[in-house]
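Topology and contacts: notes
Spelled out from the first residue to the last, the chains are:
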Amino acid sequence: MESALRRTLIAWLRADPMLLGMLNAVEEEAPPAASPPHCAIAASASADWSHKTGRGREVRIALEIVDRGDDPANIRAIADRIEQRIATLAPQQDGFRVVVTQFLRSRAERRRNTVRAVLLEYRFLLLAD
């Protein structure tokens, strides 16, 4: 279910024309050739969340947004849009149901050469269909 959620989440973010207008790439893995701004899954992990009659997973996903520039307002606007988009992810998906979507935390940092990064971490509770 973790892989299916990763693919679903990236497809959901890519389907937003406003977000695509703000980013050069939205990828499941860090895009090696994409120039900033871009977004990718930095890490994910899953654990058992099954119950008596069905399979389930707790999946944690960290999305990293990378941008270049002195003004942090642009990357914050991108992060806000991603948060809004994730909040509207439909519960019923192909092969699983998203029972809980929970924002956990964000972290922002400034790197060399005016590169900025924001990490958004989420927790999803999934039940198999």
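Read on for a plain summary of the structure. As the structure is a prediction and not an experimental result, all values here were calculated from the model. (Residues numbered from 1 in each chain as written. Predicted model: local features only at pLDDT ≥ 70, side-chain atom pairs only at ≥ 80, totals over all residues. Heavy atoms only, no water.)

**Thoughts on the environment of Arg 97**
Put simply, the rule reads: Only DSSP runs of H or I with at least four residues qualify as helices, and only runs of E with at least two residues qualify as strands; both kinds are numbered from the N terminus onward. Note on exposure labels: buried denotes an accessible area under 20% of the residue type's maximum, exposed denotes more than 50%, and partly exposed covers the range between, all computed with a 1.4 Å probe on protein chains only. Residues count as neighbours in contact if any of their non-hydrogen atoms are within 4.5 Å of one another. In protein, a polar contact means a hydrogen-donor-capable atom and an acceptor-capable atom, both N or O and within 3.5 Å, with residues adjacent in sequence counting only if both atoms are side-chain atoms; elsewhere, any N or O pair within 3.5 Å suffices.
Among the secondary structure elements, Arg 97 is positioned in strand β5 (residues 96-110). Relative accessible area serves as the criterion here: at 39%, Arg 97 is assigned to the partly exposed category. Taking C-alpha positions, Arg 97 is 24 Å from Glu 29, a pair spaced 68 residues apart along the chain. Excluding residues that lie within four positions of it along the chain, Arg 97 makes contacts with Pro 91, Gln 92, Leu 125, Leu 126, Leu 127 and Asp 129. Within the structure, Arg 97 has its side chain in polar contact with the side chain of Gln 92 (distance 3.5 Å).

**Structural notes on the pairing of strand β3 (residues 56-68)**
Successive residues of a regular strand alternate their side chains across the two faces of the sheet. Here is the rule: Paired strands are those between which DSSP finds at least two bridges.
With 10 bridges joining them, strand β2 (residues 38-48) and β3 adopt antiparallel strand pairing. Looking at β3, one finds that Ser 44 is bridged to Ile 61. Here β3 runs beside strand β6 (residues 115-128); their pairing, made up of 13 bridges, is antiparallel. The partner of Asp 67 across the bridge, within β6, is Arg 116.

**Points about the sheet that holds β6**
Operational definition: Axis lines are fitted to C-alpha atoms, over the contacting stretch for helices. Their N-to-C directions set the angle, which ranges from 0 to 180 degrees.
Read from one edge to the other, the open sheet built from 6 strands follows the order β1-β2-β3-β6-β5-β4, with strand pairing classed as mixed. Edge positions in the open sheet fall to β1 (25-27) and β4 (92-93), since each of these has one partner strand only. Where β4 lies against β5, 2 bridges are found, and the strand directions are antiparallel. The residue of β5 that forms the bridge with Gln 92 is Arg 97. The strands touched by helix α3 (residues 73-87) within the sheet are β2, β3, β5 and β6, with β6 carrying the most contacts at an inclination of about 5°.

**Observations concerning the nonpolar core**
The following threshold applies: To define a nonpolar core, start from buried Ala, Val, Leu, Ile, Met, Phe, Trp, Tyr and Cys residues and group those joined through side-chain atoms within 4.5 Å.
By size, the foremost hydrophobic cluster in this structure holds 27 residues, and its most contacted members are Ile 61, Leu 63, Ile 65, Ile 82, Ile 86 and Phe 124. For this core, the elements supplying multiple residues, two or more each, are α1 (2-14), β2, β3, α3, β5 and β6. Look past the residues within four positions of Ile 61 in its chain and what remains in contact with it is Leu 5, Arg 6, Leu 9, Ile 41, Ala 43, Ser 44, Leu 120, Glu 121, Tyr 122 and Phe 124.

**A short note on the packing of aromatic side chains**
Rules: In summary, the pairing rule links any two rings of Phe, Tyr or Trp, Trp by its six-membered ring, whose centres are within 6.5 Å, and it sorts them by plane angle into stacked for under 30 degrees, edge-to-face for over 60 and tilted for everything else. Geometrically, a lysine NZ or arginine CZ counts as sitting over a ring once it is within 6 Å of the ring centre and also within 35 degrees of the ring normal.
Within this structure, the stated rule accounts for 2 aromatic pairs. Residues Phe 103 and Tyr 122 carry aromatic rings whose centres are separated by 5.5 Å and whose planes lie at 75° to one another, so their mutual orientation is edge-to-face. In this pair, Phe 103 sits in strand β5 while Tyr 122 sits in strand β6, placing the two residues 19 residues apart along the sequence. Residue Tyr 122 is classed as buried on the basis of its relative accessible area of 4%. An aromatic cluster of at least three residues, connected via ring pairs, comprises Phe 103, Tyr 122 and Phe 124. Its guanidinium or amino end placed over the ring of Trp 12, Arg 85 lies 3.5 Å from that ring's centre, counting from NZ or CZ.

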